[in-house]
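Chain and residue survey
What follows is the residue order along each chain.
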Amino acid sequence: MNFIDLEQQQNRIKKQIDTNIAKVLAHGRYIMGPEVSELEEQMADYVGVKYCIGVSSGTDALLIAMMALEIGPGDEVITTPFTFIATSEMIKLLGAKPVFVDIDPQTYNIDPAKISSAITNNTKLILPVSLYGQCADMDAINTIAKQHNLPVLEDGAQSFGATYKGRKSCNLSTVGCTSFFPSKPLGCYGDGGAIFTNDDVLAKVMCEIRVHGQDKRYSHPRLGINGRLDTIQAAVLLAKFEIFPDEVMQRDRVGRQYTTSINAMQSTIVAPQIRSNCTTVYAQYSIMANNREQLIAKLNKMNIPTAVHYPVPLHLQPPFYNNQLNLPVVEDVATKIVSLPMHPYLSTEDIEKVSRALVL
Ligand SMILES: Cc1ncc(COP(=O)(O)O)c(C=O)c1O
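All values derive from a computational prediction rather than experimental measurement. (Residues numbered from 1 in each chain as written. Predicted model: local features only at pLDDT ≥ 70, side-chain atom pairs only at ≥ 80, totals over all residues. Heavy atoms only, no water.)

1. Things to note about helix 1 (residues 6-27)
- Taking 1.5 Å as the rise per residue, helix 1 with 22 residues should run 32 Å; its terminal C-alpha atoms sit only 27 Å apart, a clear shortfall.
- At I13, helix 1 is bent by approximately 70 degrees, the largest bend along its length.
- If you check which residues of helix 1 are buried, you get Q9, I13, I17, N20 and V24.
- Structurally, helix 1 contributes buried residues whose contacts are with helix 2 (34-47) and helix 7 (231-264).
- Capping the start of helix 1, D5 holds a side-chain oxygen 3.1 Å from the backbone nitrogen of E7, two or three residues further along.
- Of the residues trailing helix 1, G28 is marked for its positive phi of about 75 degrees. (Helix = DSSP H or I, 4+ residues; strand = E, 2+ residues; numbered from the N terminus. Expected span 1.5 Å × (residues − 1). Bend = angle between axes of the 7 residues up to and from the residue. Buried < 20%, exposed > 50% of the residue type's maximum accessible area, 1.4 Å probe, protein only. Contact = heavy atoms within 4.5 Å. Polar contact = N/O pair within 3.5 Å; in protein donor to acceptor, adjacent residues only side chain to side chain.)

This is how it looks when you write it as structure tokens:
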């Protein structure tokens, strides 16, 4: 059994991928070729925003968005300590300070009730992450942001395709960023990402930052980076995007079957809790288990792969180390969380096998 199965997906769309890549090889426009803007148009339409900007990774998406929002030294950015390091890494790289707020014990996303008390005169941005594929509580976050006149950036690296009160992830705040890392719900065959916004000015600035701060050839009104999405990756994504809505439904099927089995068991294992007004894309299917190490050993012995997202909260990682922060929820969750195999092609039998193995 695979933790993620990209092979089955490739078998399904191999012809289309080959055709799309062959087209790029024929026209030879490897940088900013027509596939990039075609993908951007399709994705902006899917997410329901005015602008989609294809970029080189989810990490660069965050960097470009924060550069456009003029985050820099002396600024504070409110964010979650329970995420992949890229989120706060980019804050720190820009010279700003990540201010960690504890998470909600049910969704593992930033707890909006704890944001207001973390806001100071130096706060420049709120940066929630939509973890494991479920959107953070964006309405509550946006309300606080509005009271303080702050922008909100949703790190939707794991939640592309998810909905919140009927709207798509990455269309829920000032800017949304996502990742097309191969193992993400929508992944390419290398690095890739995208930024989404309805803001005309911000979109123009982010497009310039993506190409060395350039507004026209060899004219650079601002600093930027090399943050472009490769044409070949856009061609791969165009093929994958066709089956993405179906894959999101299949992910939902797998997640629901796991949850039904877990909830029927006599155990203390906690299944993911999805808010009634949200849908998730289950970038990870992560459960809470009191006896995690024992459970992992048992599953791995049965050739069932597992992963821990994430064993160390970011405030306890060396670049941000501060053990004086009062973040009890995340420190508890990080010791119990474990992710099970999750992909759209997981069979009913495999889900049953994993579920049965969860009983120690
Ligand atoms: C929450 C989160 N933010 C940012 C990133 C960075 O994305 P990428 O690996 O495409 O740079 C990831 C992906 O690994 C992620 O999970």
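That shown, we press on.
2. Describing the sheet that holds strand 1 (residues 51-55)
- Strands sit in the order 1-9-8-5 across an open sheet of four strands; the sheet is mixed. Two strands close off the open sheet at either side, each with one partner strand: strand 1 and strand 5 (153-155). For this sheet the average axis-to-axis angle between neighbouring strands, irrespective of direction, equals 20 degrees.
- Where strand 5 lies against strand 8 (residues 175-179), three bridges are found, and the strand directions are parallel. Within strand 8, the residue paired with D155 across the bridge is C177.
- Lying on the sheet, helix 2 is in contact with strand 1 and strand 9 (193-197); it crosses strand 1 at an angle near 130 degrees.
- Together, strand 1, strand 5, strand 8 and strand 9 form the strand contacts of helix 3 (residues 58-68), whose direction differs from that of strand 8 by roughly 160 degrees. (Pairing = 2+ DSSP bridges. Axes fitted to C-alpha atoms, helices over the stretch in contact; angles between N-to-C directions.)

No statement about biological role is implied by the geometric values presented.
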